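This is what each chain is made of:
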Amino acid sequence: MDMNEHVGSGSEPDQTSDDSQRESDAQLRGVIDEYMSTFQPEPEDTAGVRERILQLVRDDLYRGPSTSLQTQQGHPFSISTASVRSIVRNAVDAVDGIRARSVDVEPAGDPEGSAAMVSLTVAMRAGISFAPTAEAIRRSVSAEVLAELGIPAARIDINAEDVYVD
Amino acid sequence: MYSGNGSVNGSNSGKEVVESARLADSVTSIAGVRALAPGLRDLVATATAKVLRRTGDEPVGVDVTRGGDGVKVRIDAHLDHTRAVAEVVDEIFSVVEADIARGAVEVSGRLDIDLRVVSRG
Amino acid sequence: MKIFSPVKQVRPDVANMLTAIAVTYDVDMTRHDDRFDIVTLVVRAREGDIDAFEALVDRYETKLLRFCLRTLGDRQDAEDVVQDTLVQAWKSMNALTEPAAFGTWIYRLASNKCTDLLRRRMARPSDAQDPDDMSIHADGRASVEKSVEARTALQHFSDVLQTLSSEQRVTWVLHQMEGLSYAEVATTLGISEGSVRGRIHRARTAIMEGMEGWT
């Protein structure tokens, strides 16, 4: 059992033993390097693991939360919240210099669910002007939500929370 | 065709399994519907055999159940990108209602269509 | 009737970051997600963006697999740990309070699983393997050998690693093979830097003693 687990810095070796440790590290370096090169993941290994992970994640997504909406003809339905967010995200990403981050879509309107209330945060490329870009985001999201979901966006809140450099 | 009545092991009787299968056929042929939730293909193919083993927690694409006051049709659908979601939803409703009008599903009392879009891709 | 909310202004502190921030990312993929910064990917993934999660997997999978291979010495075990780690990450990403710390967090999840697995291995008396009886094959799988063969320094080194405690082994691999500093190892494992130094000191001592005459 590791005795030093709960102790602070009291058991640190001093500077001279750091030096001797570096010496012994150098002696072992050859063996360590050889050991490290023995364990290289093959592309087939990573591909296999990747596929299994994504399948499990997809299954988990299918069981995820839903958003309740209603068509203009009055037919109620629920849709995986991930699917709705994806529609909005694509619309936001399509705007030059903008990356969608957090997306929230809530049922709105009367009857509830006949419209969508969208709030989102974005990262913007350094140097772009926010006000006209926000206009472009709203136009894009509004059009995409109507075209892909078939439901109008009643409200679109946008918050720029970060800047990135290309 | 299985003609027994009453539940065996789960929530549906043989009649409801057959009705589910009929609706499933109609719904999957709608443009924009990529698939129904996994498990339904097996159910449709061996509906008769499966009735006796069926548990309530198998995922089904279309699930017809009868409660106290009417009939509930549950549909879990995977859509594609070709049409707006609301458009496909409206068509699913009209197809199911048309099937019911034709007698594919016997409805007395309320009809409740519970539709969930599981994915879109 | 559409009503749009008023546009919110960029926070002054964000505006000041215009000149200060440089975000790095990999550039060799074609999907735009793969050029996104870590924070964007994590925020999106935890809201169900499977493409963003896939980009994170692409970025970390090979490194994690290599780390687990070096720590566990077994390909199947390493794959299982990486799979469990990344699936757990997907399911519990809301537990990550700082998206920028995703890399450290994922290493911690993997380290904990490796430690648990090593402990379970060592706790099974029927599977207890005498270092003198073991050798590693070219594909990194440890196995019991009945006959004593001429051993290489590499084989002996692998045997010596088996004798370390699970905590020592994980800590030592993170520092010596993954190249993390003491501070980075401490952050990854959620322990003090002093504990890291202590474990590495003891691991080194054991390895030096075990390798005496072999290098």
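Residues numbered from 1 in each chain as written. Chains lettered and ligands numbered in written order. Predicted model: local features only at pLDDT ≥ 70, side-chain atom pairs only at ≥ 80, totals over all residues. Heavy atoms only, no water.

Caption draft 1: Examining the overall build of chain A more closely. The helix and strand inventory of chain A stands at four helices and five strands. In chain A, the proportion of contacts linking residues at least 24 apart, taken out of those at least 6 apart, comes to 57%. For chain A, the accessible area works out to roughly 7,500 Å², and carbon and sulfur atoms hold 50% of it. (Helix = DSSP H or I, 4+ residues; strand = E, 2+ residues; numbered from the N terminus. Contact = heavy atoms within 4.5 Å. Areas by Shrake-Rupley, 256 points an atom, 1.4 Å probe, with all protein chains shown as cover.)

Caption draft 2: Representation of the pattern of salt bridges in the model. Applying the stated criterion to the full structure yields 30 salt bridges over all chains. Two residues, Asp58(C) and Arg50(A), come together in a salt bridge whose shortest N-O distance is 2.6 Å. Of this pair, Asp58(C) sits in helix α3 (residues 50-72) while Arg50(A) is found in helix α2 (residues 43-62), placing the two residues in two different chains. On the basis of relative accessibility, which here comes to 24%, the residue Asp58(C) falls in the partly exposed class. Linking Arg138(A) and Glu135(A) is a salt bridge whose minimum nitrogen-to-oxygen distance equals 1.9 Å. Here Arg138(A) and its partner Glu135(A) are both found in helix α4 (residues 130-149), three residues apart, which amounts to about one turn of the helix. (Salt bridge = Lys/Arg side-chain N within 4 Å of Asp/Glu carboxyl O. Buried < 20%, exposed > 50% of the residue type's maximum accessible area, 1.4 Å probe, protein only.)

Caption draft 3: Structural view of the packing of aromatic side chains. Overall, the coordinates contain seven aromatic pairs over all chains when judged by the stated rule. Ring centres 5.3 Å apart and planes at 80° place the aromatic pair Tyr35(A) and Phe157(C) in the edge-to-face group. Taken as a pair, Tyr35(A) in helix α1 (residues 15-38) and Phe157(C) in helix α6 (residues 153-162) lie in two separate chains rather than in one. The same class applies to Tyr35(A) as to Phe157(C), namely buried. A ring pair is formed by Phe102(C) and Trp105(C), whose centres lie 6.0 Å apart and whose planes are at 55°; its orientation type is tilted. Note that Phe102(C) and Trp105(C) are positioned in helix α5 (residues 102-123) at a spacing of three residues, about one turn of the helix. Residue Phe102(C) shares its accessibility class with Trp105(C), and that shared class is buried. Taken together, Tyr35(A), Phe39(A), Phe157(C) and Trp172(C) form an aromatic cluster joined through their ring pairs. (Phe/Tyr/Trp six-rings, centres within 6.5 Å; stacked < 30°, edge-to-face > 60°.)

Caption draft 4: A look at the sheet that holds strand β4 (residues 115-125) of chain A. Residues and elements named next belong to chain A. Within the open sheet, the three strands sit side by side as β3-β4-β5. Their pairing is mixed. If you trace the sheet from one side to the other, it starts and ends with β3 (98-108) and β5 (153-164), each paired once. Neighbour-to-neighbour, the strand axes of the sheet open up by a mean angle of 15°, direction not taken into account. (Pairing = 2+ DSSP bridges. Axes fitted to C-alpha atoms, helices over the stretch in contact; angles between N-to-C directions.)

Caption draft 5: Just the nonpolar core, in detail. In terms of nonpolar packing, the biggest core is built from 69 residues, with Phe53(C), Phe67(C), Cys68(C), Phe102(C), Phe157(C), Trp172(C) and Ile207(C) touching the most fellow members. Of the residues forming this core, the biggest block, 13 residues, is contributed by α3(C). If near-sequence neighbours (up to four positions away) are discounted, Ile207(C) is found in contact with Leu28(A), Phe157(C), Val160(C), Leu161(C), Leu164(C) and Trp172(C). Formed by 55 residues, the second largest nonpolar core is a distinct cluster that contains Val92(A), Val145(A), Leu149(A) and Val33(B). (Core = buried A, V, L, I, M, F, W, Y, C linked by side-chain atoms within 4.5 Å.)

Caption draft 6: Examining the pairing of strand β3 (residues 70-79) of chain B more closely. Residues and elements named next belong to chain B. Most of β3 is tucked away: eight of the ten residues are buried. Alignment of strand β1 (residues 33-36) against β3, held across three bridges, turns out to be antiparallel. Across the sheet, the residue bridging to Val-33 is Leu-79, located in β3. The pairing of strand β2 (residues 62-66) with β3 spans five bridges and is antiparallel.

Caption draft 7: Just the domain arrangement of chain A, in detail. The domain architecture assigned to chain A consists of domain 1 (14-63) and domain 2 (66-164). Each of domain 1 of chain A and domain 2 of chain A was reduced to a C-alpha centroid, and the two centroids are 40 Å apart. (Domains from an automatic or database assignment.)

Caption draft 8: Representation of the interface of chain B and chain A. At the junction of the two partners, chain B supplies 15 residues and chain A supplies 18 residues. Of the roughly 1,400 Å² buried where chain B meets chain A, counting both sides, 52% is carbon and sulfur surface. When residues of chain B are sorted by the area they lose upon contact with chain A, Asp90(B), Arg116(B) and Arg120(B) head the list and together hold 34% of the total. Between chain B and chain A we count one salt bridge in total. (Buried area = accessible area lost by both parts, 1.4 Å probe.)

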